[in-house]
Amino acid sequence: DILEAQAAATQDRSERVSLHAEAGRLCEDELMEPTRAIAHYQACIEAEPAYQPALAALGELYARAERWQDLANIFAVQAVATPEGSARIPLLFKLAELLSDRLADKDGAIARLLEILEIAPGYVPALKLISSLYVQAGRWDELIRMYEAELAGQSDTEQAIFLLEKIANLSE
């Protein structure tokens, strides 16, 4: 309560963030009050939207509480706050899995997977998941186009034959 009062009283944004982060940690680790911890970490994010320690703590708390939509929002914020490139891939993939498995948002999952494949066209986990989602949704033309794109960059003859067989089977 003292940290909360100090955070409310200060005009310094970084000090307010620090106080709320410390209060959140105490509520989570010492007092075993995850609801209060969440409120403090959310106050950190309101003051500094890309504050990674609070985002990470919120992610863990939301996962434990099975608050999937809130967790998806955290992953999305983290992905946006992460510089372009390969560092975004794990966040986008976790978000895609969450959207697909927990929130039944197949289109959202596909969109995140396509973002990954723009960064890393050969990223196997994304290729496997997006293939599965295309099959589930009956999006055969998109699946064929994805296999064709994968085929275009393929140097392994056996893998190329495998992809051609898949394309042929889908085209029948």
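The model shown is predicted, which means the values in this text are computed figures rather than measured ones. (Residues numbered from 1 in each chain as written. Predicted model: local features only at pLDDT ≥ 70, side-chain atom pairs only at ≥ 80, totals over all residues. Heavy atoms only, no water.)

1. Concerning the confidence of the model for the chain
Line of reasoning, step 1. Per-residue pLDDT for the chain averages 91, and the proportion of residues at 70 or more is 100%.
Line of reasoning, step 2. Of all helices and strands in the chain, the one with the weakest mean pLDDT is helix 1 (residues 2-9) (75), whereas helix 6 (residues 89-101) scores best (96). (pLDDT = per-residue confidence, 0-100. Helix = DSSP H or I, 4+ residues; strand = E, 2+ residues; numbered from the N terminus.)

2. Observations concerning the nonpolar core
Line of reasoning, step 1. By size, the foremost hydrophobic cluster in this structure holds 47 residues, and its most contacted members are Y41, L58, L113, I116, I130 and M146.
Line of reasoning, step 2. Looking at this core element by element, the count peaks at 8 residues for helix 6.
Line of reasoning, step 3. Among all residues touching L58, those that are not within four sequence positions of it are I38, Y41, Q42, I45 and I74. (Core = buried A, V, L, I, M, F, W, Y, C linked by side-chain atoms within 4.5 Å. Buried < 20%, exposed > 50% of the residue type's maximum accessible area, 1.4 Å probe, protein only. Contact = heavy atoms within 4.5 Å.)

3. A closer look at the packing of aromatic side chains
Given two aromatic rings, their pairing is described by the distance between the two centres and the angle made by the two planes.
Line of reasoning, step 1. Enumeration according to the criterion identifies 1 aromatic pair in this entry.
Line of reasoning, step 2. On the basis of an interplanar angle of 80° and a centroid distance of 6.0 Å, the ring pair of F93 and Y123 is categorised as edge-to-face. With F93 in helix 6 and Y123 in the loop between helix 7 (106-119) and helix 8 (124-137), this pair connects stretches of sequence that are 30 residues apart.
Line of reasoning, step 3. Residue class for F93 comes out buried when judged on its relative accessible area of 13%.
Line of reasoning, step 4. Among the residues examined, Y123 registers a relative accessible area of 26% and is labelled partly exposed. (Phe/Tyr/Trp six-rings, centres within 6.5 Å; stacked < 30°, edge-to-face > 60°.)

4. Looking at helix 10 (residues 157-171)
Line of reasoning, step 1. If you check helix 10, its first and last C-alpha atoms are 21 Å apart, about what 15 residues at 1.5 Å a residue would give, namely 21 Å.
Line of reasoning, step 2. Along helix 10, the residues classified as buried are A160, L163 and I167. On an axial view of helix 10, the arc spanned by its buried residues comes to 65°, and they lie on one face. Opposite the buried face of helix 10, by more than 90 degrees, sit the exposed residues E158 and N169.
Line of reasoning, step 3. Looking at the buried side of helix 10, the elements it contacts are helix 9 (140-152).
Line of reasoning, step 4. Here helix 10 starts with a cap whose side-chain oxygen sits 3.0 Å from the backbone nitrogen of E158, and that cap is D156. (Expected span 1.5 Å × (residues − 1). Arc of directions from axis to C-beta. Polar contact = N/O pair within 3.5 Å; in protein donor to acceptor, adjacent residues only side chain to side chain.)

5. Some words on the packing of helix 4 (residues 52-64) against helix 5 (residues 68-81)
Line of reasoning, step 1. One can describe the packing of helix 4 onto helix 5 by two numbers: an axis separation of 9 Å at closest approach and a directional angle of 155°. Put simply, helix 4 runs roughly antiparallel to helix 5. The chirality of how helix 4 crosses helix 5 is left-handed. Of helix 5, the residues touching helix 4 (which contributes Q52, L55, A56, L58, G59, Y62 and A63) are W68, D70, L71, I74, V77, Q78 and A81.
Line of reasoning, step 2. Among the residues forming the contact of helix 4 with helix 5, the class breakdown is 10 nonpolar, 3 polar and 1 charged. (Axes fitted to C-alpha atoms, helices over the stretch in contact; angles between N-to-C directions. Parallel < 35°, antiparallel > 145°, perpendicular 65-115°, else oblique. Left-handed = near helix turned anticlockwise from the far one by under 90°. Nonpolar A, V, L, I, M, F, W, Y, C, P; charged D, E, K, R; others polar.)

6. Notes on the pattern of salt bridges
Line of reasoning, step 1. Tallying each qualifying case throughout the model produces 11 salt bridges.
Line of reasoning, step 2. Among the ionic pairs, E115 bridges to R88, the shortest N-O distance being 3.3 Å. You can see E115 sitting in helix 7 and its partner R88 sitting in the loop between helix 5 and helix 6, a full 27 residues away along the chain.
Line of reasoning, step 3. According to the relative accessible area criterion, E115 is partly exposed, its value standing at 23%.
Line of reasoning, step 4. By relative accessible area, R88 is classed as buried at 11%.
Line of reasoning, step 5. With a closest N to O distance of 2.6 Å, E142 and R139 form a salt bridge.
Line of reasoning, step 6. Looking at E142, the relative accessible area reads 24%, which means it is partly exposed.
Line of reasoning, step 7. Relative accessible area serves as the criterion here: at 22%, R139 is assigned to the partly exposed category.
Line of reasoning, step 8. Members of the salt-bridge network, linked through shared partners, are E22, R25 and D29. (Salt bridge = Lys/Arg side-chain N within 4 Å of Asp/Glu carboxyl O.)

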